[in-house]
Structure formats: C-alpha cells, structure tokens
Amino acid sequence: MITLGVESTAHTFGISLIKDSQILCNLKNVFTTEQGGLIPNEVAGHHNKIKEELLEKALQETNLKITDINIIGVSTAPGLAPCLLVGLAFTKKLSKELNIPLIPVNHCIAHLEIGKSFTKATDPILLYASGANTQIIAYEGKKYRIFGETLDLGIGNFIDTIARGFNLGFPGGPKIEELAKKSKNYITLPYNVKGMDISLSGIQTNIISKINKEKIEDLCYSLQETVFAMLVEITERAMAHCNKNELILGGGVACNKRLQEMCLEMCRERNAKLFLLENQYLVDNAAMIAITAEKMFKVKKIYKEIDIYPKQRTDQVEIFW
Ligand code: ATP
Ligand code: FE2
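If you're wondering where the values come from, they're calculated on a predicted model, not measured in any experiment.

Looking at the coordination of the iron ion (ligand 2)
Where a metal carries four tetrahedral donors, each ideal angle is 109.5 degrees; where it carries six octahedral donors, the ideal angles are 90 or 180 degrees. Listed as protein donors to the iron ion (ligand 2) are His-107 (NE2), His-111 (NE2) and Asp-284 (OD); their distances from the metal cover 1.9 to 2.3 Å. Coordination at the iron ion (ligand 2) is irregular, judged from the four donor atoms that bind it and the angles of 90 to 153° they form at the metal. Mapped onto the sequence, the residues coordinating the iron ion (ligand 2) show the spacing H-x3-H-x172-D. Of this pair, His-111 sits in helix α3 (residues 107-118) while Asp-284 sits in the loop between α9 (279-282) and α10 (287-299); the two residues are 173 residues apart in sequence, bridging distant segments of the chain. Classification of Asp-284 by relative accessible area gives buried; the value is 10%.

Here it is, written out as structure tokens:
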C-alpha cells in the first residue's frame with residue numbers, strides 16, 4: 001500500500017511517500033526569512049506556489065506514478081488556518097481525482113506516532129518541544145494525556161522571538177544553539193516551573209531587556225541552560241509520577257544537542273532509556289503524517305466531512321488505532 005502524506009500546518013510544506021510503513025521519500029520546502037517573522041498569508045502563498053512541483057519531485061524520486069498512490073493523509077490540525085487550507089484543498093482535489101481515501105491527521109499526534117514507530121519504545125513519556133507546542137505527554141486510556149505544558153509561549157516561538165531581537169532571522173533555534181556553544185558564562189535568568197507546567201514569557205521579556213547590555217553568546221548559553229533545565233525537570237517529574245522509564249523527544253526544538261544531552265543525563269540517572277530520531281523526523285515533516293494516516297486507515301477506512309481545526313488539542317483526539 002502506497003500512502004501519500006502532506007504536511008501544511010505552518011512554515012513547512014512537506015510531501016512524503018511511504019510503502020507499508022517504509023519511507024520512500026520525505027521532501028519539504030520551508031518558508032524562511034532573513035528578518036522578521038511568519039505572516040500566515042505569505043506562508044500559505046509559498047505553499048500554494050510549490051505544492052505541485054514538490055509532489056512531482058517526490059514521484060520522480062520514487063519512480064512512482066500518481067495512480068500508484070492508494071491513500072492520502074493530510075495534517076488538518078492544529079496550525080495556521082491559511083496554511084492548513086492549502087494542504088486540505090490540495091489533497092481533497094487529489095483524492096477526488098484519484099478516487100482514493102483522504103485521512104485527516106492531527107500534526108502533534110503525528111510527531112508522537114513517528115517516534116513510537118521508529119524506536120523500540122513501548123510505553124514512553126514524550127517530550128514534545130516544537131514551535132507552537134511544548135507538552136509532556138503519555139498515553140493512557142485511548143488518549144495522549146498532557147501531564148505538563150507551557151502556560152504561555154511554545155518553546156520554539158519563544159526562542160524565535162528572542163532570535164529576532166538579535167536580528168538572526170527565522171528559524172532562530174539552530175543559530176541560538178551555535179552561539180550558545182561559544183560561551184560558558186551563565187547570566188542569571190528567572191526560572192519558572194509551576195508544578196508540572198512552565199512559563200516562558202517572563203524569561204523572554206527578561207532576555208530581551210538584556211539584549212544590548214550583555215554579550216549575545218552569554219545570553220544564548222544562559223537561555224538554553226535555563227529553559228532546557230525547566231523542560232527536563234517537568235519531564236523527569238512526569239516519568240516518576242507515571243512510573244515510566246522510556247523517553248522520546250519530538251518537535252523541532254528536540255534537534256538541539258544540548259537539550260538531548262540534558263535529557264540523556266536525566267535518563268541515565270533514573271536508569272531510563274532515551275530514544276532519539278533523525279532530525280528530519282523531529283522537525284515538521286510529511287513522513288509522520290503518512291505514517292499516522294496508514295495506522296489510522298488500517299482501523300478505519302472512511303473519513304467524512306474533513307475540515308481544518310486550527311486549535312485542536314492533543315488530548316481531544318481519540319486514539320482508536
Ligand atoms: P508545531 O506546529 O509542531 O508546534 P512548528 O510547526 O513550529 O511546530 P517544528 O519544525 O516542529 O515546527 O519546530 C520548529 C521550531 O524548532 C522552530 O521554533 C525552530 O527555531 C526550532 N528549532 C529547530 N532547530 C532547533 C535547534 N537546534 N535548537 C533549538 N530550536 C530549534
Ligand atoms: Fe510540528
């Protein structure tokens with residue numbers, strides 16, 4: 001069975017073709033800027049422009065014909081409405097023309113499902129750290145339950161806003177990581193853990209107020225040490241509370257080597273196991289949409305009245321597969 005996965009929730013437009021859970025290709029075209037942030041309509045315009053071309057490239061790379069595709073999965077939630085609409089219109093048209101099923105996939109759940117598919121984890125805690133989302137998740141009773149999360153900003157958006165303050169462009173995470181490597185000088189920042197949750201807006205204001213007063217490398221280093229320690233603290237508490245000894249990372253911020261190192265250290269101390277994926281499967285990607293769609297299709301064949309849900313939460317989705 002060949003599944004086409006389409007990712008179109010935010011800055012990334014992705015196309016993946018998989019055959020029986022094996023990735024044949026995982027292509028993407030990411031909207032980036034040298035300065036400034038994301039304007040949803042501009043991003044949607046970008047996706048509209050490149051969508052056909054990217055599908056064509058995927059078919060060429062895999063030596064497949066469009067008629068070889070058996071099912072289509074598309075991310076319909078959560079995300080930026082104009083971007084979600086591009087993916088939905090594109091896949092609805094394709095599914096009608098090819099007369100094949102279209103499967104609506106929640107993007108956050110897909111980050112988790114690919115983690116479970118590609119590792120040997122059986123009952124993990126998931127630290128999902130991406131642009132808009134920062135959650136500690138575990139599966140319980142047909143749902144992915146959220147045990148802790150950010151009370152305000154997603155950690156990636158938090159990092160990207162600060163990076164814009166430094167004039168580093170978007171996405172800022174990789175640039176902040178590089179600058180952080182050049183310092184070991186810790187500047188005290190607020191540390192905001194509230195029970196199982198974290199709050200980032202106060203730290204953001206604090207760092208932005210220091211921009212012209214401290215060295216940029218020192219601020220990047222201190223930012224990472226502080227907010228990653230907060231993430232690791234609530235992750236560890238969730239692992240202890242749920243009595244679980246496996247951890248999977250997901251989301252773009254999980255590409256950060258310092259965050260991975262801190263998670264590894266915590267897991268070693270608890271005798272737990274950390275599972276890491278290749279970066280291409282941590283950031284937004286279409287392979288995770290295809291993998292999840294295939295799992296869903298095996299249990300449920302027909303999906304009606306498919307629409308976008310820009311604000312759907314991870315714990316609203318029933319995991320029936
Ligand atoms: P979601 O819709 O799942 O909330 P997203 O659409 O923003 O997330 P992802 O690709 O999962 O997309 O994550 C992108 C974020 O990851 C950006 O904020 C980016 O700065 C951040 N990021 C990428 N690489 C790194 C890195 N090495 N260190 C820190 N942050 C990173
Ligand atoms: Fe994502």
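Picking up where we left off.
Concerning the environment of Ile-71
Along the polypeptide, Ile-71 turns up in strand β4 (residues 71-77). Considered as a pair, Ile-71 and Glu-269 are 198 residues apart in the sequence and their alpha carbons are 44 Å apart. If near-sequence neighbours (up to four positions away) are discounted, Ile-71 is found in contact with Met-1, Ile-2, Thr-3, Leu-4, Ile-100, Pro-101, Ile-103, Ala-293, Glu-294 and Phe-297.

Thoughts on the state of the cysteines
Applying the stated criterion across every chain, the model contains zero disulfides. Not part of a disulfide, Cys-220 finds its nearest cysteine sulfur in Cys-255, a span of 17 Å. Residue classification places Cys-220 among the buried positions, given a relative accessible area of 0%.

Brief notes about the sheet that holds strand β7 (residues 134-140)
Taken in spatial order, the five strands of this open sheet run β8-β7-β6-β11-β12, and their pairing is mixed. Each edge of the open sheet carries a strand with a single partner, namely β8 (143-149) and β12 (273-275). Geometrically, the sheet is characterised by an average inter-axis angle of 25° between neighbouring strands, direction not taken into account. Sheet analysis places strand β11 (residues 246-250) next to β12, joined by three bridges and oriented parallel. Residue pairing in the sheet places Leu-247 in a bridge with Leu-274 of β12. Lying over the sheet, helix α7 (residues 216-242) contacts β6 (125-129), β7, β8 and β11, oriented at roughly 160° with respect to β6.

Reading the values: rules and limits
- Residues numbered from 1 in each chain as written.
- Chains lettered and ligands numbered in written order.
- Predicted model: local features only at pLDDT ≥ 70, side-chain atom pairs only at ≥ 80, totals over all residues.
- Heavy atoms only, no water.
- Donors = N, O, S within 2.8 Å, 3.2 Å for Na, K, Ca; no water.
- Tetrahedral: all angles 85-135°; square planar, octahedral: opposite > 155°, others 65-115°.
- Helix = DSSP H or I, 4+ residues; strand = E, 2+ residues; numbered from the N terminus.
- Buried < 20%, exposed > 50% of the residue type's maximum accessible area, 1.4 Å probe, protein only.
- Contact = heavy atoms within 4.5 Å.
- Disulfide = S-S within 2.5 Å.
- Pairing = 2+ DSSP bridges.
- Axes fitted to C-alpha atoms, helices over the stretch in contact; angles between N-to-C directions.

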